[in-house]
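Each chain, letter by letter, is given below.
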Amino acid sequence: MKILKNIEIKKIIMLTVAGIINAIGVTMFLSPVNLYDSGISGTSILLSQVTPEFFTLSFFLVVLNVPLFLFGTKKLGLEFTVYAIYTVVIYSISAWLITDVLPIDVSFASPLAGDDLLLCALFGGLISGMGSGLAIRFGGAMDGIEVMAVIFAKKLGITVGTFVMIYNVSLYVICGIVLRSWILPLYSIVTYAAEIKTVDFIVEGFDRSKAAMIITVMPDEICAALSDAFGSGATKIDATGSYSNTQKTVVYFVLNRFQIGKMKDIVHETDPHAYITISEVADVFKANI
């Protein structure tokens, strides 16, 4: 009952949309021309092709994903597991409706891109990436392999991204061996590339902010100049130079990419010896006070 009280209607709606979008990308662009999605989705496509017809894509999506999500409950929490399983169920039902119920012929070619493998690979990756990105952004997941990556990557001494990449490369190699052709697996890599970039854009934003770390002995002057120029505040952090052993201050300032050049000019006009590093910031959250 406690978990039901924590369920948010907004997240349920967006996860429903995510599952439907992912199903459109896979069933209307990838599976009709035998291209492969990444992770469990790609594995499900392959298994549905090499097993009897009653073992459908929808069947494998649920059978393979749900146990992985349940296995990850202790690590990632019950709320995440509920959202993730819900998303996969919506994805599975939507895929079934498109392939078996709605009057859409996806048996031999994409209804929108025909048999053009490049178009199917690109748009299949973009659309399924949108679905996966929305699922992650609103607290769920579309693929159990990502859960396994979070659990086992550190134990294996690799990153989560490397774990997922190893799985997908292995999947495409197996697909090539089973099909006795490398054309479709190679196009599937194009799908994977388009998908992961789209996921990044959806989860982290199209125009990610930048964070400037400014090491200076004139923090007050620099903060005042930046605030006057950009109308936003900065954070001062006390620091000590390890080589010179002198007291300095780190000014932390968040800006967008179009403001970087002006920020550099302002800082170096104020303190010619200031040291600046710039890094990307995925999300910026402002408290409502």
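Residues numbered from 1 in each chain as written. Predicted model: local features only at pLDDT ≥ 70, side-chain atom pairs only at ≥ 80, totals over all residues. Heavy atoms only, no water.

**Student:** Quick question: what am I supposed to make of the overall build of the protein here?
**Tutor:** Helices and strands together make up the secondary structure of the protein, namely 12 helices and 4 strands. Taken over C-alpha atoms, the radius of gyration comes to 24 Å for the protein, far larger than the 19 Å a tight globule of 289 residues would show. The dimensions of the protein, computed from C-alpha atoms along their principal axes, are 70 × 50 × 40 Å. In the protein, the share of contacts with a sequence separation of at least 24, taken over all contacts with a separation of at least 6, comes to 72%. Carbon together with sulfur atoms contributes 65% to the accessible area of the protein, which is approximately 15,800 Å² in total. Of the charged side chains in the protein, 19 are positive and 23 negative; the average position of the first set lies 8 Å away from that of the second. (Helix = DSSP H or I, 4+ residues; strand = E, 2+ residues; numbered from the N terminus. Rg over C-alpha atoms; globule rule 2.2 N^0.38 Å. Contact = heavy atoms within 4.5 Å. Areas by Shrake-Rupley, 256 points an atom, 1.4 Å probe, with all protein chains shown as cover. Lys, Arg positive; Asp, Glu negative; His and termini not counted. Charge placed at Lys NZ, Arg CZ, Asp CG, Glu CD.)

**Student:** Even after reading the chapter, I still don't get helix α8 (residues 144–156), so can you show me in this structure?
**Tutor:** Each α-helix turn comprises 3.6 residues. Residues three or four places apart therefore point the same way. Taking 1.5 Å of rise per residue, the 13 residues of α8 would be expected to cover 18 Å, and the 18 Å separating its terminal C-alpha atoms lies within 8% of that figure. Along α8, the residues that are buried comprise G144, I145, V147, M148, A149, I151 and A153. Looking at the buried residues of α8, the elements they touch are α3 (39–50), α4 (57–71), α5 (73–76), α6 (78–101) and α9 (160–179). Looking at where α8 begins, the residue whose side-chain oxygen comes 2.9 Å from the main-chain nitrogen of I145 is D143. (Expected span 1.5 Å × (residues − 1). Buried < 20%, exposed > 50% of the residue type's maximum accessible area, 1.4 Å probe, protein only. Polar contact = N/O pair within 3.5 Å; in protein donor to acceptor, adjacent residues only side chain to side chain.)

**Student:** Please explain the sheet that holds strand β2 (residues 235–240) as it appears in this structure.
**Tutor:** Adjacent strands of a sheet pair through backbone hydrogen bonds, lying either parallel or antiparallel. If you trace the 4 strands from one edge of the open sheet to the other, you get β2-β3-β1-β4, paired in antiparallel fashion. Lying at the two open borders of the sheet, with one neighbouring strand each, are β2 and β4 (275–281). Recorded for the sheet is a direction-independent mean angle of 25 degrees between the axes of neighbouring strands. Sitting on the sheet, helix α11 (residues 219–230) touches β1 (209–216), β2 and β3 (247–255), and the angle it makes with β3 is about 10 degrees. Here helix α12 (residues 260–270) sits on the sheet and contacts β1, β3 and β4; the angle it forms with β4, its principal contact strand, is near 155 degrees. (Pairing = 2+ DSSP bridges. Axes fitted to C-alpha atoms, helices over the stretch in contact; angles between N-to-C directions.)

**Student:** Is there a simple way to think about unusual backbone geometry in this case?
**Tutor:** A negative phi holds for most residues other than glycine; trans holds for most peptide bonds. Unlike most non-glycine residues, N34 shows phi in positive territory, near 65 degrees. Following the sequence through the fold, N34 ends up in the loop between α2 (9–30) and α3.

**Student:** Hey, could you run me through the environment of F71 in this one?
**Tutor:** Within the element layout of this structure, F71 appears in helix α4. Sequence separation between F71 and L186 is 115 residues; the distance between their C-alpha atoms is 32 Å. Look past the residues within four positions of F71 in its chain and what remains in contact with it is M148, I151 and F152.

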